[in-house]
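Spelled out from the first residue to the last, the chains are:
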Amino acid sequence: VDCQWGCPAHTDVPGYIRLIAQGKYTESYMLNRESNVFPGILGRVCDRPCEPVCRRVRVEDEPVAICRLKRVAGDLKDDFKDLLPPIPEKKNGKKIACIGAGCASFTVANDLLPLGYEIDIFESLHETGGLIRSNIPKFRLPPSVIDEEFDVIVEQGANLHLNHPIESMKDLLEQEYDAIFVGTGAPKGRELDLPGRYETDQIFVGIAWLESVAFEHIDSVGERVIIVGGGNTAMDCCRSSLRLGGKDVKVIYRGSRDRMKSSDWELEPALEEDIDLILNHSPEEYVVEKGKLVGMRFAELEWDQDDDGRLTSKKINEVIIPCDTVILAIGQENSFPWVERDIGMEFDQWEVPVVDPVTYESTVKGVFFGGDSAFGPKNIIEAVEHGHQAAISIDKYCHAKPLTDRLDYG
Ligand code: SF4
């Protein structure tokens, strides 16, 4: 089925929608949970790669609302804890460390706890959820939904160590773990180092700013806000700005609408809230007068496409757009300052560990990566699937079986 194939975790979409139609919400939730683990969360904020391939779009304009139906199952289910796989009292003697308390690590724990593994999860923040807690605004993903779906895995026996940053992979390797899983996300927002960048304190990096908003370290913003970027983080930043007092909030992107990375279902609510979207403008300078940010200078661009599809831009004008605050949402990067470079782990040219795309093992045996920390920023449901695949590999590794001996993809 196309939608099931489109979902990275291969959720049984027709099956769970059928159960909803029969009023069997708890069963529908559990069927979801088998593959995507966090139906309540994903029913609100999944990137929905299943919907564009829904067969319904061959005969109608819109796909089936697959994502939102997952939320229906999540909201209307009854208590499901008795339906979870039992956790054996006698453990299998294997101990796994998961770094980061986000969806990827919790999927690993979810899959390995019923097999008798002991799981330690280490998190530098004071709460679970990782980037979904710190980067997705509460009005889109209420903390209670995160708590419910993460707590259930802790209740099943995962040992959670909050406020516990791991500062050295070398030290961790010396501890008595049988395998290590790294699910620390891509926690570093990209900088935009233009003239004026460090002359004011009113320029913020999007994901760090969203984290400060989530943990209530920031509760206000200037009246005129510019968000630079065109992805989903830009949408979260602009809608959050409105809620923190922004009156004139603009999202400014250097290309055309069809090149923006934001999904339609992220952009549309922003436009409905009267966010101003300005396209084909490339930032050139932060305009700071006497230490105060007063605007941003942009080049207005015109794009040309050659016969090979290559795009080139031409500057046709220059404008200064007044603002009090700038938020940069131009991408995220991985950051592994805590992984020593002399432990035999290979890194690529972007300083990201080399990870096998099938087994999720790094070049250090027994150390696995998943989620955004494996292959750069993707999305939640990809992170869940990475967690499943890494859990399969960890189980094989701990039992000295070949990691590549696994079922075909899908
Ligand atoms: S988890 Fe996401 S991709 Fe998978 S079926 Fe649900 S909405 Fe679609």
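None of these values were measured; they are calculated from a predicted model.

What counts and how
Residues numbered from 1 in each chain as written. Predicted model: local features only at pLDDT ≥ 70, side-chain atom pairs only at ≥ 80, totals over all residues. Heavy atoms only, no water. Pairing = 2+ DSSP bridges. Helix = DSSP H or I, 4+ residues; strand = E, 2+ residues; numbered from the N terminus. Axes fitted to C-alpha atoms, helices over the stretch in contact; angles between N-to-C directions. Contact = heavy atoms within 4.5 Å. Buried < 20%, exposed > 50% of the residue type's maximum accessible area, 1.4 Å probe, protein only. Lys, Arg positive; Asp, Glu negative; His and termini not counted. Salt bridge = Lys/Arg side-chain N within 4 Å of Asp/Glu carboxyl O. Polar contact = N/O pair within 3.5 Å; in protein donor to acceptor, adjacent residues only side chain to side chain. Disulfide = S-S within 2.5 Å. Parallel < 35°, antiparallel > 145°, perpendicular 65-115°, else oblique. Left-handed = near helix turned anticlockwise from the far one by under 90°. Nonpolar A, V, L, I, M, F, W, Y, C, P; charged D, E, K, R; others polar. Patch = residues over 30% accessible without salt bridge, like charges linked within 9 Å, V, L, I, M, F, W, Y side chains within 5 Å. Areas by Shrake-Rupley, 256 points an atom, 1.4 Å probe, with all protein chains shown as cover. Charge placed at Lys NZ, Arg CZ, Asp CG, Glu CD. Right-handed = clockwise from strand over helix to strand, strands pointing away.

Caption draft 1: Structural detail: the sheet that holds strand β3 (residues 159-161). Taken in spatial order, the five strands of this open sheet run β3-β2-β1-β4-β15, and their pairing is parallel. Where the open sheet ends on each side, the last strands, each with one partner, are β3 and β15 (367-369). The mean angle between the axes of side-by-side strands here comes to 20°, regardless of whether they run parallel or antiparallel. Where strand β4 (residues 179-182) lies against β15, three bridges are found, and the strand directions are parallel. Considered in β15, the bridge of Val182 is made with Phe369. The sheet contacts of helix α14 (residues 380-398) involve β1 (95-99), β4 and β15, and relative to β4 the element is tilted by about 165°.

Caption draft 2: The arrangement of the side chain of Glu123 in detail. Within the secondary structure layout, Glu123 lies in the loop between β2 (118-122) and α7 (131-135). Arg133 is the oppositely charged side chain nearest to the buried, salt-bridge-free Glu123, at an N-O distance of 8.9 Å. Among the polar contacts listed, one links the side chain of Glu123 to the backbone nitrogen of Ala101, at a separation of 2.8 Å. Contacts of Glu123, omitting those with residues within four sequence positions, involve Gly100, Ala101, His161, Leu162, Asn163, His164 and Pro165.

Caption draft 3: Here's a closer look at the state of the cysteines. As enumerated under the stated definition, the model contains zero disulfides in all. In this structure Cys67 is not part of a disulfide, and its nearest cysteine sulfur, from Cys46, lies 5.5 Å away. Cys237 takes part in no disulfide bond, and the closest cysteine sulfur to it belongs to Cys238, at a distance of 7.7 Å. Owing to a relative accessible area of 0%, Cys237 belongs among the buried residues under this scheme.

Caption draft 4: Fine view of the packing of helix α6 (residues 103-112) against α14. Direction vectors running N to C along α6 and α14 enclose 40°, while the axes themselves pass 8 Å from each other. As far as their axial angle goes, α14 and α6 are oblique. Along this stretch, α6 crosses α14, giving a crossing that reads as right-handed. Counting all contacts with α6, which are made through Cys103, Ala104, Thr107, Val108, Asp111 and Leu112, the residues of α14 involved are Ile380, Ala383, Val384, Gly387, His388, Ala390, Ala391, Ile394 and Asp395. Here the residues of the contact of α6 with α14 sort into ten nonpolar, three polar and two charged.

Caption draft 5: Expanded view of a negative patch on the surface. Where like charges cluster on the molecular surface, the negative patch consists of Glu27, Asp78, Asp79 and Asp82. Note that Asp82 resides in the loop between α5 (66-76) and β1. When its relative accessible area of 77% is taken as the criterion, Asp82 is described as exposed.

Caption draft 6: Up close: the pairing of β2. Taking burial as the measure, the five residues of β2 include four buried ones, the bulk of the element. Of the pairings in the sheet, the one linking β1 to β2 comprises five bridges and is parallel in character. Pairing of Lys95 across the sheet is with Glu118, part of β2. Considered for its hand, the β-α-β crossover made up of β1, α6 and β2 is right-handed.

Caption draft 7: Region of the structure containing the environment of Gly246. Relative to the assigned elements, Gly246 resides in the loop between α11 (232-243) and β8 (248-252). Accessibility expressed as a relative area gives 8% for Gly246, which makes it buried. Separated by 23 residues in sequence, Gly246 and Glu223 place their C-alpha atoms 4.3 Å apart. Residue contacts for Gly246: discarding those within four places in its chain leaves Val221, Gly222, Glu223, Val225 and Ser241.

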